[in-house]
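# Examination of the molecular architecture
Given next are the chains, with one letter for each unit.
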Amino acid sequence: MNNFKVHVVCMTYNHSPYIVETLNGFTVQKTSFPYVCVVIDDDSTDGEQEVIKRYIKENFDLDDPTVARNEETDDYILTFAKHKTNHNCFFAVYYLKYNHYSIKKSKNPYYERWTQTKYRALCEGDDYWTDPYKLQKQVDYLESHPECGMVYTQAKQYDQETGEIFKGTAGQTNFMDLLCISNKVMTLTVMFRTALYSKCLKEFTLPIGYKCYDIHFWLYISKHSDIHYIDEITAVYRILKNSASHNSDTTKLAAFIIDLYEIRFFYANHYGYTDLFKDYTKKTINDLFRLSAQRNTNISYMIFLFAKKKKALSFPVLLKCLFYSTRIGRCYHRRKYPDTITMY
């Protein structure tokens, strides 16, 4: 279990229609090294665990006594096995017995036992990889560039509801871009050094429940090393109606935007960039007003509390809160915000 060069973390919940495509993207990887995919199902209620079990039974060697193993505790059932034909591919699947997210219980201990690897990659259960050489290309780059802590690629975006496919927004970035402009790193495409990730966890701990942990790691890694963008499409990001960054619940989406701000503010404060961060505070307030107008939903009290907390509650912002608390005010200003919000 300690000979893997890469471990892939796949968190999944109620992704039964999509998980097979995700797992296929893992098993088709062509590498010169062994890698382990740690799949953690958080007690799905849509039958996803049964879908994963069938996939494992059909594609993995569960009868090899030298490799395959099963483990059960009060919290999970674990199945570990090697792929039948891709002998560099191993899966460690955790079928959680109760939903950890709802009680804010960390899932870190489950995948941390597999992290004695040089590199780490991520892909959630509703996204998938399309390039069978994704892992190999990224390992090759990191191996030849010791100054680089993370590498990522481009991805297509697929709107599950409309069927629309379009190119993602990934591009070369650095710490200041991530802090004050936007996050161009698409999580499902990344690979980074496990040592940097572990160092980040030791130095900084975020409360369980944040919806945007990824930017936390990107900021840390980009501050302590180079990060590199490969302009190749290696994956597909699936846009779902009620995902954290595309939630149909306006209040939850507003909370996501505020969470994203708080993580960036933490780093700005820690590294002494609060003066440069003032424009991003204004942008966040404007994004919340934009969301209120586009969704025709009153979130003025949330905006008021946020602006007050960040000492940005100017007279114009207060007036705008009052104006946007009315349907007439939101509808009047909707034409001012024709575009969708840039969430990252």
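Since the structure is predicted, the reported quantities are computational estimates derived from the model, not experimental observations. Each chain carries its own residue numbering, running from 1 in the written order of its sequence. With pLDDT at 70 or above as the cut-off, local features in this predicted model cover only qualifying residues; side-chain atom pairs require 80 or more to be listed or tallied, and sums for whole chains, interfaces and linings still use all residues. Side-chain numbers here rest on the full set of heavy atoms in the structure, without hydrogens or water.

## Looking at the overall build of the protein
Only runs of H or I of at least four residues qualify as helices and only runs of E of at least two qualify as strands under DSSP, and these elements are numbered from the N terminus. Scanning the protein from terminus to terminus reveals twelve helices and twelve strands. Burial status follows relative accessibility: with a 1.4 Å probe on protein chains alone, a residue under 20% of its type maximum counts as buried, one over 50% as exposed, and anything between as partly exposed. Considering the protein as a whole, with its 344 residues, one finds that 52% of them fall into the buried category. We call two residues in contact when some of their heavy atoms are within 4.5 Å. Once local pairs closer than 6 in sequence are excluded, the contacts in the protein between residues at least 24 apart make up 72%. Total accessible area computed for the protein in this model is approximately 16,100 Å², and 53% of it derives from carbon and sulfur atoms. On the protein, the mean spot of the 44 positive side-chain charges and the mean spot of the 39 negative ones are 7 Å from each other. Note on areas: Shrake-Rupley with a 1.4 Å probe; residue coverage comes only from the protein chains shown. Only four residue types enter the tally: Lys and Arg on the positive side, Asp and Glu on the negative side, with His and both chain ends excluded. Charged groups are reduced to one reference atom each: NZ for lysine, CZ for arginine, CG for aspartic acid, CD for glutamic acid.

## Topic: the pattern of salt bridges
One speaks of a salt bridge when a side-chain nitrogen belonging to Lys or Arg is within 4 Å of a carboxyl oxygen belonging to Asp or Glu. According to the stated counting rule, one finds 15 salt bridges in the structure shown. With a shortest N-O distance of 3.3 Å, glutamate 143 and lysine 5 are connected by a salt bridge. Here glutamate 143 is found in helix 4 (residues 134-144), whereas its partner lysine 5 is found in the segment before strand 1 (6-12), with 138 residues between them in sequence. Judged by relative accessible area, which is 37%, glutamate 143 ranks as partly exposed. Residue lysine 5 is classed as partly exposed on the basis of its relative accessible area of 27%.

## A look at helix 10 (residues 300-309)
Turning to helix 10, its buried residues number three or more, namely Ser300, Ile303, Phe306 and Ala307. What you see down the axis of helix 10 is that its buried residues fit within an arc of 125 degrees, all on one side. Away from its buried face, by an angle of more than 90 degrees, helix 10 presents the exposed residues Tyr301, Lys308 and Lys309. Lysine 311 lies just past helix 10 and shows a positive phi near 55 degrees. Arc definition: directions from the helix axis to the C-beta atoms.

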